[in-house]
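This is what each chain is made of:
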Amino acid sequence: MLANLKVPGAARSSASKHLPPAEKITSAENRWLKRFRAALRSSGPTEDGWVAVEGLHLVKEGLEAGVDVAAVLVSASGERFLPDLDSSLKSVTSSRVRLFRTSDRLFSAISGTETPQGIAALVRPRASSFDEILRGTPLVVVLVAVQDPGNVGMVLRSAEAFGASGAITTRGTAYPWSPKALRSSAASALRLPILAGMPPPVVLAQLRVSGVKLIAASAETSAGSTIISPAEADFRSSCAILIGNEGAGLPPEVERAADARVRIPITSPVDSLNAAVAASVLLYEAARQRSGQK
């Protein structure tokens, strides 16, 4: 059930120029509430391609990323955040964003977090292309079968922080715009150019054709293997950093296809690093080399 209503404070404020009139949702069977529930509780997009961001920070970042936004949902207690969203709505590419208000009880029932702030939005991730990811002197991070969405999000956050031109996730990797991945990325997943769900052979072939050097993060320690340290690798030219599964690492055929294999030195008894940590170390090294630091 829907009804138009005024938003207390925000609707009356002369500064609130971009907030649409709020529509009230009072039933758990409301189709918009069901869309929010599906997006907030899913590891992938809704049937029509929307994903959900939840919490004031992510909603603001989502709006300011300039992506398409279908709707914003607030609970009774979440209405206090609406004035903070007004200026953010100027960046939205949608022709019309719908604003819905519901009860704290109904919002909590669909929320993907234990202590919801009472605000969420449905957004559509921006479509990216190989040309966009390979702009300039590309620095690309490629995630191969990284299954933890938290790790995926953290890698994407580091990729944006250290100046990567984009990211590619292969089949078997967690969806980069799932609620958990988005939270871990702190909205970097909405700003960074990303290609998702590609077959590894296609990714490697496309990168090679484009003249991009492949640098594999390796856990190999056997004698005689050609493994170099991050400082010995050349990240200054066009390159892609290949990051593998949390437990198994990169598939052997992917690692063999790399132009260079890099292992981060660590002390025993630790035998490996978390995938997101390893990616962050290599991305930092790439940023250091590209900035000319010694």
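Residues numbered from 1 in each chain as written. Predicted model: local features only at pLDDT ≥ 70, side-chain atom pairs only at ≥ 80, totals over all residues. Heavy atoms only, no water.

(A) Structural context of unusual backbone geometry. A cis amide bond, omega 5 degrees, links S268 with the succeeding residue P269. Assignment of secondary structure puts P269 in the loop between strand 12 (260-262) and helix 11 (275-291). Within the chain, A145 stands out as a residue other than glycine whose phi angle is a positive 60 degrees. On the basis of relative accessible area, A145 is assigned to the partly exposed category, the value being 22%. Backbone geometry places A186, a non-glycine residue, at a positive phi of 55 degrees. For A186, the position within the fold is in the loop between helix 7 (179-185) and helix 8 (188-191). A186 sits in the buried class, given a relative accessible area of 16%. (Helix = DSSP H or I, 4+ residues; strand = E, 2+ residues; numbered from the N terminus. Buried < 20%, exposed > 50% of the residue type's maximum accessible area, 1.4 Å probe, protein only.)

(B) Summary view of the pattern of salt bridges. Applying the stated criterion to the full structure yields 12 salt bridges. In this structure, the salt-bridge partner of R98 is E23, at a minimum N-O distance of 2.7 Å. In this pair, R98 sits in strand 5 (residues 98-102) while E23 sits in strand 2 (residues 22-25), placing the two residues 75 residues apart along the sequence. The partner of K60 in a salt bridge is E64, with the nearest N and O atoms 3.5 Å apart. Placement of the pair is K60 and E64 together in helix 2 (residues 56-64), with a separation of four residues, close to one helical turn. (Salt bridge = Lys/Arg side-chain N within 4 Å of Asp/Glu carboxyl O.)

(C) Main features of the environment of V281. Relative to the elements of secondary structure, V281 occurs in helix 11. Measuring from C-alpha to C-alpha, the distance between V281 and P230 comes to 8.5 Å, with 51 residues separating the pair along the chain.

(D) Structural view of the layout of surface pockets. For the largest pocket, the calculated volume is near 360 Å³. As for the largest pocket, its lining consists of 20 residues, of which S218, A219, S272, L273 and A278 are closest to the centre. In terms of residue count, the dominant contributor to the lining of the largest pocket is helix 11 (three residues). When its residues are assigned to classes, the lining of the largest pocket shows 11 nonpolar, six polar and three charged. (1 Å grid on protein atoms, 1.4 Å probe; cavity = no way out; pocket = protein on both sides within 12 Å on 5 of 7 lines; lining within 4 Å. Points joined across faces, edges and corners; volume = space filled by probe spheres on them. Nonpolar A, V, L, I, M, F, W, Y, C, P; charged D, E, K, R; others polar.)

(E) Layout of empty space enclosed by the protein. Following the criterion strictly, the structure yields three cavities of 30 Å³ or more and no others. Of the volumes computed, that of the largest cavity is approximately 50 Å³. Looking at the largest cavity, the residues that line it are P125, R126, S128, E132, W177, A189, L190, R191, L192 and P193. The greatest single-element share of the lining of the largest cavity, amounting to three residues, is contributed by helix 8. Class assignment of the residues belonging to the lining of the largest cavity gives a composition of six nonpolar, one polar and three charged.

(F) Spatial organisation of the packing of helix 6 (residues 149-161) against helix 11. Contact pair helix 6 / helix 11: the axes reach a minimum separation of 8 Å and the direction vectors enclose 10 degrees. By the angle class used here, helix 6 and helix 11 are roughly parallel. Residue-level contacts link N151, M154, V155, S158 and A159 of helix 6 to A275, A276, A279, S280 and L283 of helix 11. Of the residues contributing to the contact of helix 6 with helix 11, the split by class is seven nonpolar, three polar and no charged. (Axes fitted to C-alpha atoms, helices over the stretch in contact; angles between N-to-C directions. Parallel < 35°, antiparallel > 145°, perpendicular 65-115°, else oblique. Contact = heavy atoms within 4.5 Å.)

(G) Region of interest: helix 1 (residues 31-41). Within helix 1 the residues assigned to the buried category are W32, L33, F36, A39 and L40. Along the axis of helix 1, the buried positions cluster into a sector of 130 degrees, meaning they face one direction only. In helix 1, the exposed positions angled more than 90 degrees off the buried face are occupied by R31 and R41. Measuring from the side-chain oxygen of the N-cap residue of helix 1 to the backbone nitrogen of W32 gives 2.8 Å; that N-cap residue is N30. (Arc of directions from axis to C-beta. Polar contact = N/O pair within 3.5 Å; in protein donor to acceptor, adjacent residues only side chain to side chain.)

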